[in-house]
Amino acid sequence: MNDTTLAQLEDRDAFLRRHIGPTEAEQAEMARAIGYDSLDALIDECSVTRAAERTGVTQPAMSHTLKRLRALFDDPLLVRAGGGMALTPRAEALAVELR
C-alpha cells in the first residue's frame with residue numbers, strides 16, 4: 001500500500017471534477033440543491049421574470065439560479081430568440097425528463 005492519504009484522494013477527485021465535470025448522479029444532486037422547481041419554472045416559462053414570479057423569488061435571484069444551472073449542465077439552457085427566450089436542445093431534453 002502506498003502513502004496516499006484520504007485527503008490526497010479527495011484532492012484528486014476535486015481536481016477531476018473541475019476538469020471533467022460532475023457525474024450524472026452529482027448533477028442530479030446539485031440540481032436538487034438548486035431546486036427542481038426553479039429549473040421547471042425556467043423551462044416552462046422561458047422567462048426569468050415569469051419563472052421568478054411563479055416561484056416567489058426576485059428576478060435577480062432567479063437570474064443567479066439560471067447562472068448556476070447553466071454551469072451545472074454546461075449549457076445556456078435559455079437563449080435569446082426574437083423578442084424572448086428559447087430553450088436549447090439540452091433544456092428541451094431536460095423538460096421531457098422533468099415531466
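In the block above lies the structure referred to throughout.
Every value quoted in this text rests on a predicted model; they were computed, and no experiment measured them. (Residues numbered from 1 in each chain as written. Predicted model: local features only at pLDDT ≥ 70, side-chain atom pairs only at ≥ 80, totals over all residues. Heavy atoms only, no water.)

Asker: Account for the overall build of the chain, naming residues and giving values.
Answerer: A count of helices and strands for the chain gives 6 helices and 2 strands. Helices and strands appear in the chain in the N-to-C order α-α-α-α-α-β-β-α. Out of the 99 residues belonging to the chain, those deemed buried represent 26%. In the chain, 38% of the contacts between residues at least 6 apart in sequence involve partners at least 24 apart. (Helix = DSSP H or I, 4+ residues; strand = E, 2+ residues; numbered from the N terminus. Buried < 20%, exposed > 50% of the residue type's maximum accessible area, 1.4 Å probe, protein only. Contact = heavy atoms within 4.5 Å.)

Asker: Tell me what's going on with the side chain of Asp75, and back it up with residues and numbers.
Answerer: Examined against the element boundaries, Asp75 turns out to sit in the loop between helix 5 (59-73) and strand 1 (78-81). Buried charge without a partner: Asp75 forms no salt bridge, and the closest opposite charge is Arg90, 5.9 Å away. At 2.8 Å, the side chain of Asp75 forms a polar contact with the backbone nitrogen of Leu77. At 2.5 Å, the side chain of Asp75 and the side chain of Thr88 are in polar contact. Beyond its immediate sequence surroundings of up to four residues, Asp75 is in contact with Arg70, Thr88, Arg90 and Ala91. (Lys, Arg positive; Asp, Glu negative; His and termini not counted. Salt bridge = Lys/Arg side-chain N within 4 Å of Asp/Glu carboxyl O. Polar contact = N/O pair within 3.5 Å; in protein donor to acceptor, adjacent residues only side chain to side chain.)

Asker: Requested: an account of the pattern of salt bridges, with residues and values cited.
Answerer: Scanning the entire structure with this criterion turns up 4 salt bridges. Between Asp40 and Arg54 there is a salt bridge whose closest N-O contact spans 3.0 Å. Placement of the pair is Asp40 in helix 3 (residues 36-45) and Arg54 in helix 4 (residues 48-55), with a sequence separation of 14 residues. Take Arg54: its relative accessible area is 37%, and that puts it in the partly exposed class.

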